Amino acid sequence: MDDIILNVSHFSYAYGDMKAVSDISFQVRKGEIFSFLGPNGAGKSTVINSLITLLPLQSGTVTIAGYDLGSERSRVRESIGIVFQQITLDKDMTVRETLDFHGDIYRMSHEEKTTRIRELLRLVELEEKADTLVNNLSGGMKRRLEIARGLMTRPRVLFLDEPTIGLDPQTRQKTWDYLRSVNQEGTTIFMTTHYMDEADLLSDHIALIDHGTIIVHGTPEELKESLGNDVIYLETSDNTTAQQILTGLSGIREMSRYEGKLMIISEQDGTRLLPDIMRYLGEHAISVLAVNLKKPSMDDVFMHYTGTEMRD
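Conventions used here
- Residues numbered from 1 in each chain as written.
- Predicted model: local features only at pLDDT ≥ 70, side-chain atom pairs only at ≥ 80, totals over all residues.
- Heavy atoms only, no water.
- Salt bridge = Lys/Arg side-chain N within 4 Å of Asp/Glu carboxyl O.
- Helix = DSSP H or I, 4+ residues; strand = E, 2+ residues; numbered from the N terminus.
- Pairing = 2+ DSSP bridges.
- Core = buried A, V, L, I, M, F, W, Y, C linked by side-chain atoms within 4.5 Å.
- Buried < 20%, exposed > 50% of the residue type's maximum accessible area, 1.4 Å probe, protein only.
- Contact = heavy atoms within 4.5 Å.
- Axes fitted to C-alpha atoms, helices over the stretch in contact; angles between N-to-C directions.
- Phe/Tyr/Trp six-rings, centres within 6.5 Å; stacked < 30°, edge-to-face > 60°.

Caption draft 1: Spotlight on the pattern of salt bridges. The tally for this structure, following the rule as stated, stands at 16 salt bridges. A salt bridge links Arg29 to Asp3; its shortest N-O distance comes to 2.4 Å. With Arg29 in strand S2 (residues 18-29) and Asp3 in the segment before strand S1 (4-15), the pair connects residues that are 26 residues apart, well separated along the chain. Between Glu146 and Arg149 there is a salt bridge, with the nearest N and O atoms lying 3.7 Å from each other. Of this pair, Glu146 and Arg149 both sit in helix H5 (residues 139-150), three residues apart, which is roughly one turn of that helix. Residues joined by salt bridges that share partners form a network here, namely Asp100, Asp104 and Lys113.

Caption draft 2: Structural view of the pairing of S2. Examined bridge by bridge, S1 and S2 share eight bridges and lie antiparallel to one another. Its bridge partner being in S2, Asn7 is matched across the sheet by Gln27. What sits between the antiparallel neighbours S1 and S2 is a turn of two residues, in which Gly16 has the positive phi angle 65°.

Caption draft 3: Seen up close, the nonpolar core. Leu6, Phe26, Phe36, Val47, Leu51, Ile64 and Phe190 are the most contacted members of the largest nonpolar core, which has 29 residues in total. Once residues within four sequence positions are removed from consideration, Phe26 is found in contact with Leu6, Asn7, Val8, Phe34, Phe36, Val47, Leu51, Phe190 and Ile214. Core analysis: the next-biggest nonpolar cluster, separate from the first, contains 28 residues, Val83, Val95, Val134 and Leu137 among them.

Caption draft 4: Inspection of the sheet that holds strand S3 (residues 33-37) at higher detail. Spatially, S6-S7-S8-S3-S9-S10 is the arrangement adopted by the six strands of the open sheet, whose pairing is mixed. Strands at the two margins of the open sheet, each flanked by one partner only, are strand S6 (80-83) and strand S10 (213-218). In this sheet, adjacent strand axes meet at a mean angle of 15° when their direction is disregarded. Of the strand pairs in this sheet, S3 and strand S8 (residues 188-192) are connected by three bridges, and their pairing is parallel.

Caption draft 5: Focus on the packing of aromatic side chains. All told, the structure shown has seven aromatic pairs when counted by the stated rule. For the ring pair Phe26 and Phe34, a centre distance of 5.5 Å and an interplane angle of 15° mean the geometry is stacked. As far as the burial class goes, Phe26 and Phe34 line up, both buried. Ring centres of Phe26 and Phe190 lie 6.2 Å apart, and the angle between their planes is 35°; on these two criteria the pair is classed as tilted. One end of the pair, Phe26, is in strand S2; the other, Phe190, is in strand S8, with 164 residues separating them in the sequence.

This is how it looks when you write it as structure tokens:
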């Protein structure tokens, strides 16, 4: 247990009579990048807001960096950094002033602040913008400044809520590089994201929550492998009948429907299974309008376990 930095046990939360989260448990190891995924309304925001002390702990036990969330909230706050989804910077401050002010809030000494600001400006490549007003920064620069601010106190755990939302692909890639650097320095990262490729590339471990419960967790590879060998998407002239016809066909592990397509999880090489599917449907006068054969991705994992694409 010495390597567990975040331990959530039997956590539940309700808004009046509505149960938002029901008896979830999970652990995050020191030095991990841990992604917490789920559709909007799944309960993840409630969990996160409780972990960062914005909501009270109602039920269950949580320890962060060795401190009890219920009885040692101030010590928990001292141990974490937070980067919110929405920009929360003062537009009338400069980059340097933003970091300096954050250091003052946490009573950092002048020497410690100066050293840390210099380190962080170099890390997020904002050295040349140190005396620029936040209002004059690009969206990507503001996000990098938010990450730097969250790291000012050398937090044991950095919470990131949608760290690259709204950024262009190039800036997203650069932000990933910053996060890897932060993680390699020893900071544990707890992240939410709508981007499945982001979760796949960055995460050591992923937990997927829906309807207030954690439905699956594991490494990205474990989650993708849980779907089987290949995934086949079919659009036919009659998906309902096609699903009935294909049920029980050798080589098909699971089958579901969403957004006008059949999602077929294969137990074997999909290139060998697909001809059997096409022939079988043809014998029953079902036309195949479109087909897509691919290796499982995190998008497929999400759709399989939640029954939907990432919903807004």
